[in-house]
Amino acid sequence: MPEKQRIDLLKEQVSFLEARLTRYEELLNGPMLKRIVFGGGRRAKLSIVEIVIGLIVLLYTLFRVQLSVIFAVIVILSLFIILFSAIQLNVIRKQNGKEKYQRMIASLTAEKASMDKELARLTAEKEGLE
């Protein structure tokens, strides 16, 4: 692989690492909801949607449906969905604590430093040949 191509590839990888590092720093210093939504993956987003849908169904049932057995079943099921989703969000919140992002930032910083060192070596090597 030509030296110029290796240097360009390494620069691209370093910029990608810097973007990831910035994202993790924002998540570390950002609010808990942002950490849950962007660090929790699809399951966190689905849990939030489940809570919203459960609340909509619960409110609709409370205001529009007459008291009956169906009313009680719908209320119980919507409360169950809301409770289950809230428990899942709490588990996701505990899994995505600040320590996780601190470890990722430390790892990415070390990786970036080694890539910068390699980039400097390749650049110096290329300039030495010219």
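A brief look at the structure comes next. (Residues numbered from 1 in each chain as written. Predicted model: local features only at pLDDT ≥ 70, side-chain atom pairs only at ≥ 80, totals over all residues. Heavy atoms only, no water.)

Our next topic: the overall build of the protein chain. Scanning the protein chain from N- to C-terminus turns up 5 helices and 0 strands. Going from N to C terminus, the protein chain has its helices and strands arranged as α-α-α-α-α. Here the C-alpha radius of gyration of the protein chain, 25 Å, is well above what a compact globule of 130 residues would show, namely 14 Å. A burial count over the protein chain gives 27% of its 130 residues as buried. (Helix = DSSP H or I, 4+ residues; strand = E, 2+ residues; numbered from the N terminus. Rg over C-alpha atoms; globule rule 2.2 N^0.38 Å. Buried < 20%, exposed > 50% of the residue type's maximum accessible area, 1.4 Å probe, protein only.)

Moving on: the environment of Leu27. The topology assignment puts Leu27 in helix 1 (residues 3-29). By relative accessible area, which is 3% here, Leu27 ends up buried. When the C-alpha atoms of Leu27 and Phe38 are compared, they prove to be 7.9 Å apart, with 11 residues separating the residues in sequence. The residues touching Leu27, leaving out its near neighbours within four places in the chain, are Lys34, Arg35, Phe38 and Tyr101. (Contact = heavy atoms within 4.5 Å.)

This part is about the packing of aromatic side chains. Under the defined criterion, the tally for this structure stands at 2 aromatic pairs. Taking the centre distance of 5.9 Å and the plane angle of 40° together, the rings of Tyr24 and Tyr101 count as tilted. Separated by 77 residues along the polypeptide, Tyr24 in helix 1 and Tyr101 in helix 5 (residues 98-129) bring together distant segments of the chain. Of the two residues examined, Tyr24 and Tyr101, each falls in the buried class. Summarising the aromatic geometry, the rings of Phe80 and Phe84 are spaced 6.4 Å apart at their centres and angled 20° between planes, so their arrangement reads as stacked. Here the residue Phe80 and the residue Phe84 both occupy positions in helix 4 (residues 69-95), the gap between them amounting to 4 residues, near one helical turn. Residue Phe80 is classed as exposed on the basis of its relative accessible area, which comes to 54%. Assessed through its relative accessible area of 43%, Phe84 is described here as partly exposed. (Phe/Tyr/Trp six-rings, centres within 6.5 Å; stacked < 30°, edge-to-face > 60°.)

Membership of the largest hydrophobic core comes to 14 residues, with the highest contact counts inside it found for Leu10, Tyr24, Tyr101, Ile105, Leu108 and Met115. Secondary-structure elements contributing two or more residues to this core are helix 1 and helix 5. At 8 residues, helix 1 tops the list of elements feeding residues into this core. For Leu108, the residues in contact, after removing those within four places along its chain, are Leu17, Arg20, Leu21 and Tyr24. (Core = buried A, V, L, I, M, F, W, Y, C linked by side-chain atoms within 4.5 Å.)

With respect to the helices and strands, the residue Ser85 is situated in helix 4. A relative accessible area of 0% means that Ser85 is categorised as buried. When residues no more than four places from it in sequence are discounted, the contact partners of Ser85 are Ser47, Glu50 and Ile51.

A few words now on the pattern of salt bridges. Where side chains of opposite charge bring their charged atoms close, a pairing between them can arise. Under the criterion given, the structure shown has 5 salt bridges. The partner of Arg6 in a salt bridge is Glu118, and the shortest N-O contact between them spans 3.7 Å. Within this pair, whereas Arg6 is found in helix 1, its partner Glu118 is found in helix 5, the two being separated by 112 residues in sequence. Under the relative-accessibility criterion, Glu118 is labelled partly exposed at 26%. In this structure, the salt-bridge partner of Arg43 is Glu50, at a minimum N-O distance of 2.9 Å. (Salt bridge = Lys/Arg side-chain N within 4 Å of Asp/Glu carboxyl O.)

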